[in-house]
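# Secondary and tertiary structure notes
One-letter residues, chain by chain:
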Amino acid sequence: MRLSLRAGERIYINGAVLRVDRKVAVELLNDATFLLESHVLQAEDATTPLRQLYFAAQTMLIDPGQTAAARALYDGLRDGLLAATGETVLRDGLAAAHALVEGGRLFEALKLIRGLYPLEAALMSAGETPAAPAPGPGLTALARRTRLPERSRERATVRSPAVSRRAASAALPARDPEA
């Protein structure tokens, strides 16, 4: 698989965070789980039931060490969504996403869940599916453990190699030894 990245863009591969300092094409020659920065959802943005489900699935992909906790949260959120709606399209989408998660195809599951966002918004505005509260304790705890780096809104600037190395190491998430 060939990926093209812009200067300053991050990619998450097998739990590692990589940031490129210039436009680059990367070719993955074997099976790897990855997620592009543009598809990473921050915990504070997981404000609807489907976005919370997406965050839990994303955590399974980005941080393999947290798979068990993320999977438990994912299963609970999916069960809650299924109990809260009778909408056939949403239920079928959740079943398809669940089959992808079960098969280890997390990237495809994330894509499917993102595709359900407009339906969720329509259902919520019609009052069929209750709105989710702010991210709950399970989601917040999971977010604290994964420590996803904030996305930079600035354009990349040219820096000396020494400064770039220091900045890159500071951007990597710190592992909490107690987690």
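Our subject in this report is the structure included herewith. Quick caveat: nothing in here was measured; it's all calculated off a predicted structure.

### Some remarks on the environment of Arg 2
By the secondary structure assignment, Arg 2 is in strand 1 (residues 2-5). In this structure the C-alpha to C-alpha distance between Arg 2 and Glu 27, which are 25 residues apart in sequence, comes to 4.2 Å. For Arg 2, the residues in contact, after removing those within four places along its chain, are Ala 25, Val 26 and Glu 27.

### Examining the packing of aromatic side chains
Scanning the entire structure with this criterion turns up one aromatic pair. The residue whose ring lies beneath Arg 51 is Tyr 117, and the NZ or CZ to ring-centre distance is 4.2 Å.

### With respect to the pattern of salt bridges
Taken as a whole and assessed by the stated rule, the structure comprises five salt bridges. Taking the shortest distance from any N to any O, the salt bridge between Arg 71 and Glu 102 comes out at 2.1 Å. Of this pair, Arg 71 sits in helix 2 (residues 67-84) while Glu 102 sits in helix 3 (residues 88-102), placing them 31 residues apart in sequence. Overlapping salt bridges, with partners in common, bring together Arg 71, Asp 75 and Glu 102 in one network.

### Section: the packing of helix 1 (residues 49-62) against helix 2
As a packed pair, helix 1 and helix 2 sit with axes 8 Å apart at the nearest point and diverge in direction by 155°. The pairing of helix 1 with helix 2 is recorded here as roughly antiparallel in orientation. Relative to helix 2, helix 1 is oriented so that their crossing is left-handed. When helix 1 is examined against helix 2, the residues Pro 49, Leu 50, Gln 52, Leu 53, Ala 56, Ala 57, Thr 59 and Met 60 are found in contact with a partner set consisting of Thr 67, Ala 70, Arg 71, Leu 73, Tyr 74, Leu 77, Arg 78 and Leu 81. In terms of residue class, the contact of helix 1 with helix 2 is made up of eleven nonpolar, three polar and two charged.

### Some words on the environment of Thr 33
Counting through the fold element by element, Thr 33 comes out in the loop between strand 4 (24-27) and strand 5 (34-36). What makes Thr 33 partly exposed here is its relative accessible area of 33%. In the structure, Thr 33 is positioned 18 residues away from Gly 15 in sequence and 8.2 Å away in space, judged by C-alpha atoms. If sequence neighbours within four positions are ignored, Thr 33 has contacts with Tyr 12, Ile 13, Asn 14 and Leu 61.

### Section: the sheet that holds strand 2 (residues 10-13)
Strand pairing in a sheet takes place through backbone hydrogen bonds and is either antiparallel or parallel in direction. Spatially, three strands are ordered 3-2-5 in an open sheet, and the strand pairing comes out antiparallel. Each having just a single partner strand, strand 3 (16-19) and strand 5 make up the two edges of the open sheet. Adjacent strand axes in the sheet meet at a mean angle of 20° when their direction is disregarded. Across four bridges, strand 2 lies against strand 3 in antiparallel orientation.

Reading the values: rules and limits
- Residues numbered from 1 in each chain as written.
- Predicted model: local features only at pLDDT ≥ 70, side-chain atom pairs only at ≥ 80, totals over all residues.
- Heavy atoms only, no water.
- Helix = DSSP H or I, 4+ residues; strand = E, 2+ residues; numbered from the N terminus.
- Contact = heavy atoms within 4.5 Å.
- Phe/Tyr/Trp six-rings, centres within 6.5 Å; stacked < 30°, edge-to-face > 60°.
- Lys NZ or Arg CZ within 6 Å of the ring centre and 35° of its normal.
- Salt bridge = Lys/Arg side-chain N within 4 Å of Asp/Glu carboxyl O.
- Axes fitted to C-alpha atoms, helices over the stretch in contact; angles between N-to-C directions.
- Parallel < 35°, antiparallel > 145°, perpendicular 65-115°, else oblique.
- Left-handed = near helix turned anticlockwise from the far one by under 90°.
- Nonpolar A, V, L, I, M, F, W, Y, C, P; charged D, E, K, R; others polar.
- Buried < 20%, exposed > 50% of the residue type's maximum accessible area, 1.4 Å probe, protein only.
- Pairing = 2+ DSSP bridges.

Geometric values such as these leave the question of function open.
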